[in-house]
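Per-entry structural report
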Amino acid sequence: MSAETNLLDFARGPALEAALIILVFGIFWRLVGVLALPRTRDLSEPRVRHAWLGGVKTIFTRMWPRREFRPRILHWEAVSYIFHIGLAVVILGLVPHILLIRDITGLSWPGLPDGVITFAAGAALISLLALLAHRVTHPVLRQISNFDDYFSWLLVFTPLLTGLMAYYHLGGRYEDLLGLHMLSAELLLAWLPFSKLAHTVFFLFSRGVTGAVYSRRGARI
Amino acid sequence: MTGAETEFPPELDQPRLSVKKPEQRYDKQGEMDDAERLDRAMRGFVHDFGSTAALYMESCVHCGQCAEVCQYYVQTGDPKYTPIWKLEPFKQAYKREIGPFAPFFRLFKLKRRVTVQELEEWQELIYDSCTQCGRCTMVCPMGIDIASLVGLARHGMAAAGLVPHELWATVQRAQREGSPLGATPAVLKDRIAWLEDEHGVEIPLDRSQADVLMTISSIEIMKYPQSIVALARIMGRMGESWTFRSDGYEATNFSMFAGDRQGQREASLKLIEAAIAVGAKTLILPECGHAYQALRWQGANLYGRSLPFQVLQITEYLAEGIRQGRLGLQPLQSSATFHDPCQIVRRGGVNEAPREVLRALGVELREMDEHGAYNWCCGGGGGVVTIHRADPLRYKTYQIKMRQVEDTGAEMLVSSCSNCRQTFDDGQAHFHWDKTAQSLLELVADHLVTEQGNS
Ligand code: SF4
Ligand code: SF4
């Protein structure tokens, strides 16, 4: 009994703290390691001034594929969207999550009804499975995928699954499931900075830079 | 290795220009052991490696969308042509040597050292099957500019002597003779004298002062000399003080294709110095896509300061002349479609000028389904058109273009890059196709209103 409560205490206490420290420090390290590399000033005569505005714009416009490309990619893009939105709804809409975020950051907002959360979690789980199936069957994805892709998948999948199980008290004691859920989510946070999951931060920079470079030339992007 | 021009003679009687098909290929240059070759590859690769390239290396999410828009994957279905995969060894090297977690990767032996054999294997992916067209940049959800990374990878390959035979031989010639295709200053002089006679136009060469320095690509000198006449007609009509210079005329930059940084810089310096020497306010680049990329967007950076003159692609100049009412045109009763040269349009930012010119010519413009910044490459950019062993693959990618052009139902196919043009010529001959790519510049020159006319 006490061992199991300890699991939850551990997950709520030191594990959470450690995960958050690794997350923040890791992202910082990776970003600085990249942004501190030399940046040569572009001496060519710009066609468009204030090209950084184009960079900011690209961060948003690149959220959706151009008409020309849609026939070949839209279906999987849509699945990926379902996953991302589902995950965001679960992370930001579930009341206990909001309470945790309030404890850490002081920010809070109203939660979403249970039905919505369950639906979102289910949609995220199913789309994740579909994306995995896609990754292991599509020749391009098989070619370019590595350990990071599969491990990251697993670390996103597990907290979703354990979260749903805890929520519905399925397959074990609530405290155990909650402890597992928290630990798996913490593992995810600690892994994020070192993996492809860092795209949650990097997309701002890589889109922004390309947007600025192309805009400076007066090119569409 | 020396004696490139005797050992590897140019082939000038084919629809596209290259060196003669080599009996024995030299795709590996210089004598050095593997350790040194590798070391050079890595040093060449990281030389211009800055935070932008590093950001790209960190950002890929392995979504595979880039493959879906790359002509090579689309036409073959072979996953090795996935754009980001073309950089795999360099990505490994980056993670192991430069990236923020490089010490960990090395400490825990998580990334192996790349081998020379791998680089040799990747030569086909870095050169033969990437025209640096930049189409993948337009789809990548992370906005990774793969074409520019391929450019960096080529720096590494060139430093290590791992350039495909034809590109390397062409660069040797360019650096020795000032032109990659035998268009030496003497040849240029001859051509100009002959064209002046034949066409009764004045083509100034080596004036000491001029407002405009005109440049030309050796593809035009050797294959499309009528472009030179067209330029002369237009400059005459614009009433501009202009000149060619035999110390700075060659606009192509095959060193850039090969990845030879030093050679690229030298080729650009020639043009820059010639423009400064004649006191030019404007340097005009001819119908040549990569020439625009090399000088307009990279020239100042290689020179080390901003250029004291403006650089225009000839189409921009034509559009300006039309806008100012200095180039009156006779209407052309025809429909046309325009092939966007990647380096001028998608990666150069000259989107509207060619369309403006076509409208002024009165043609009915029938755009391809995917055009402008989203066009399909002709398949010959990035130096690919010179590589014999890449021909079968190039014909496959060319079929996209043929289909696109056919679908428009337009009578004419027009473009503004002589490298695209020779790729079209070569593809046309191969497929016995009835469409010939025409030069926008020549169309304009052929439809100038007559001197007294006021139509
Ligand atoms: S730049 Fe063009 S040819 Fe090269 S990988 Fe990208 S889409 Fe393919
Ligand atoms: S589209 Fe971009 S993020 Fe996706 S695999 Fe290609 S390079 Fe990576």
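Treat the numbers as computed from the prediction; the structure is a model and nothing was measured.

**Considering the overall build of chain A**
Along the backbone of chain A there are ten helices and zero strands. Helices and strands in chain A line up, N terminus first, as α-α-α-α-α-α-α-α-α-α. With the C-alpha coordinates of chain A rotated into their principal frame, the extents come out at 70 × 40 × 35 Å. In chain A, the share of contacts with a sequence separation of at least 24, taken over all contacts with a separation of at least 6, comes to 71%. Of the roughly 12200 Å² that chain A leaves accessible, carbon and sulfur atoms contribute 73%. Taking the 21 positively charged and 14 negatively charged side chains of chain A as two groups, their mean positions are separated by 19 Å.

**Side note on the confidence of the model for chain B**
Regions with low pLDDT should not have their predicted coordinates read in detail. Of all residues in chain B, 97% have pLDDT values of 70 or greater, and the mean over the chain is 94. Across the predicted assembly, pTM comes out at 0.95 and ipTM at 0.95.

**Digging into the site of ligand 1**
Close contacts around ligand 1 come from Cys70, Gln71, Tyr72, Pro83, Lys86, Cys130, Thr131, Gln132, Cys133, Gly134, Arg135 and Cys136 of chain B, and that covers them all. Grouping the constituent residues of the shell around ligand 1 by class yields six nonpolar, four polar and two charged.

**What to know about the site of ligand 2**
Close to ligand 2 lie Cys60, Val61, His62, Cys63, Gly64, Cys66, Ile84, Cys140, Pro141, Met142, Ile144 and Ile146 of chain B. Its residues placed into classes, the shell around ligand 2 shows ten nonpolar, two polar and no charged.

**Topic: the domain arrangement of chain B**
Residue and element names in this part refer to chain B. Splitting chain B by domain gives domain 1 (34–163), domain 2 (168–321) and domain 3 (327–454). Centre-to-centre separation of domain 2 and domain 3, based on C-alpha positions: 21 Å. Counting residues at the interface gives 29 residues for domain 2, matched by 31 residues for domain 3. Roughly 2700 Å² of surface becomes buried between domain 2 and domain 3 when both sides are summed, with 64% attributable to carbon and sulfur atoms. Put simply, domain 2 and domain 3 have one salt bridge between them. Between domain 2 and domain 3 we count 14 residue pairs in polar contact (both at pLDDT 80 or more) in total. Elements supplying a minimum of two residues to the side of domain 2 that touches domain 3: α13 (218–223), α14 (226–238), α15 (254–258), α17 (289–297) and α19 (314–323). Of the residues forming the side of domain 2 that touches domain 3, the biggest block, eight residues, is contributed by α14. Its residues assigned to classes, the side of domain 2 that touches domain 3 comprises 14 nonpolar, nine polar and six charged.

**So, the environment of Gly151 of chain B**
As for its position among the elements, Gly151 of chain B is in helix α10 (residues 146–159). Distance from Gly151 of chain B to Gly380 of chain B, taken between C-alpha atoms, is 16 Å for residues 229 residues apart in sequence.

**Description of the sheet that holds strand β6 (residues 310–313) of chain B**
Residues and elements named next belong to chain B. Pairing is parallel across the open sheet formed by four strands, whose spatial order is β4-β3-β5-β6. Strand pairing shows two members of the sheet lacking a second neighbour, β4 (242–243) and β6, which therefore form its edges. Looking at chain direction, strand β3 (residues 212–214) and β4 are connected through two bridges and run parallel. When the sheet's bridge partners are listed, Val212 is paired in β4 with Trp242. Most of the contacts of α17 go to strand β5 (residues 282–285), to which it runs at about 155°, and overall it touches β5 and β6.

**Topic: the interface of chain A and chain B**
Note: interface size is frequently given as the accessible area lost on complex formation between the parts. Of the residues lining the interface, 52 residues belong to chain A; the matching set on chain B comes to 60 residues. The contact between chain A and chain B buries some 5000 Å² in all, and 58% of this surface belongs to carbon and sulfur atoms. In terms of surface lost to chain B, no three residues of chain A exceed Phe69, Arg217 and Arg220 of chain A, which account for 14% of the buried area on that side. Where chain A meets chain B, there are four salt bridges. If you look at where chain A meets chain B, you find 33 residue pairs in polar contact (both at pLDDT 80 or more). Elements with a minimum of two residues in the side of chain A that touches chain B: α2 (14–35), α4 (70–93), α7 (139–144) and α10 (199–216) of chain A. Among the elements that line the side of chain A that touches chain B, the one with the most residues is α10 of chain A, at ten residues. Split into classes, the residues belonging to the side of chain A that touches chain B amount to 22 nonpolar, eleven polar and 19 charged.

**What to know about the pattern of salt bridges**
All names here are of chain B. Per the stated rule, a full pass over the model turns up 41 salt bridges over all chains. Arg173 is the salt-bridge partner of Glu177, the closest N and O atoms lying 3.2 Å from each other. Taken together, the residues Glu177 and Arg173, both in helix α11 (residues 165–177) and four residues apart, mark about one turn of the helix. A relative accessible area of 6% places Arg173 in the buried class. A salt bridge links Asp340 to Arg355; the nearest nitrogen and oxygen atoms lie 2.9 Å apart. Of this pair, Asp340 sits in the loop between β7 (335–339) and α20 (353–360) while Arg355 sits in helix α20, placing them 15 residues apart in sequence. Overall, the relative accessible area of 6% leaves Arg355 in the buried class.

**A few points about the sheet that holds strand β8 (residues 364–365) of chain B**
Neighbouring strands of a sheet are bound in pairs by backbone hydrogen bonds; such pairs are parallel or else antiparallel. Residues and elements named next belong to chain B. Read from one edge to the other, the open sheet built from four strands follows the order β8-β7-β9-β10, with strand pairing classed as parallel. A strand with exactly one partner marks an edge of an open sheet, and here the two such strands are β8 and β10 (437–439). Bridge analysis of β7 against β8 gives two bridges, and the strand direction is parallel. Bridge pairing links Ser335 to Glu364 in β8. The strands touched by helix α22 (residues 418–431) are β7, β9 (412–415) and β10; relative to β10, the strand with the most contacts, the crossing angle is about 155°.

**Focus on the environment of Ala158 of chain B**
All names here are of chain B. The residue Ala158 is located in helix α10 in this model. Separated by 99 residues in sequence, Ala158 and Phe257 place their C-alpha atoms 9.8 Å apart. In contact with Ala158, other than residues within four places in its own chain, are Tyr127, Val163, Ala258, Gly259 and Asp260.

**As for helix α21 (residues 391–408) of chain B**
Residue and element names in this part refer to chain B. The first and last C-alpha atoms of α21 sit 26 Å apart over 18 residues, in line with the 26 Å expected at 1.5 Å per residue. Within the sequence span of α21, burial applies to Asp391, Leu393, Arg394, Tyr395, Thr397, Tyr398, Ile400, Lys401, Met402, Gln404, Val405 and Thr408. Of the surrounding elements, those touching the buried residues of α21 are α5 (71–76), α8 (116–128), β7, β9 and α22. In the stretch just after α21, Gly409 is the one whose phi turns positive, near 70°.

**A word on the environment of Lys80 of chain B**
All names here are of chain B. By the element assignment, Lys80 lies in the loop between α5 and α6 (88–97). When its relative accessible area of 27% is taken as the criterion, Lys80 is described as partly exposed. Separated by 277 residues in the primary sequence, Lys80 and Val357 place their C-alpha atoms 40 Å from one another. Looking at Lys80, its side chain comes within polar contact range of the side chain of Glu124, at 3.3 Å.

Conventions adopted
- Position numbers for residues start from 1 in each chain and track the written sequence from start to end.
- Chain labels run from A onward and ligand labels from 1 onward, assigned in the order the entries are written.
- Only residues with pLDDT of at least 70 are given local features in this predicted model, and only at 80 or more are side-chain atom pairs given and counted; all residues enter the totals for whole chains, interfaces and linings.
- As a rule here, side-chain values cover all heavy atoms of the structure and leave hydrogens and water aside.
- Runs of H or I in DSSP of at least four residues are treated as helices and runs of E of at least two as strands, each being numbered from the N terminus.
- The contact criterion used throughout is that any non-hydrogen atoms of two residues lie within 4.5 Å.
- Here, Shrake-Rupley sampling with a 1.4 Å probe gives the accessible areas, and only protein chains in the shown set may cover a residue.
- The charge count includes Lys and Arg as positive and Asp and Glu as negative, but it does not include His or the ends of the chains.
- By convention, the point assigned to a charge is CZ for Arg, NZ for Lys, CD for Glu and CG for Asp.
- Scored between 0 and 100, pLDDT is the confidence that the predictor attaches to each residue.
- Any residue with a non-hydrogen atom lying within 4 Å of a molecule or strand is treated as near it.
- Three residue categories are used. Nonpolar comprises Ala, Val, Leu, Ile, Met, Phe, Trp, Tyr, Cys and Pro, charged comprises Asp, Glu, Lys and Arg, and polar comprises the others, including Gly.
- What counts as a domain boundary in this text is fixed by an automatic or database domain assignment.
- The term buried area means the drop in 1.4 Å probe accessible area that two parts suffer when joined, counted for both and summed.
- Here, a salt bridge means any side-chain nitrogen of Lys or Arg that lies within 4 Å of a carboxyl oxygen of Asp or Glu.
- Within 3.5 Å is the distance limit for a polar contact, defined as a pair of N or O atoms, with the added protein rule that one can donate a hydrogen and the other accept it, and that residues adjacent in sequence qualify only through two side-chain atoms.
- Paired strands, in this sense, are two strands between which DSSP finds at least two bridges.
- Between N-to-C directions, angles cover 0 to 180 degrees, with each direction set by a line fitted to C-alpha atoms, over the stretch in contact for helices.
- Relative accessibility decides the category of a residue: with a 1.4 Å probe and only protein chains considered, values under 20% of the type maximum give buried, values over 50% give exposed, and everything between is partly exposed.
- Multiplying one less than the number of residues by 1.5 Å gives the expected span of a helix.

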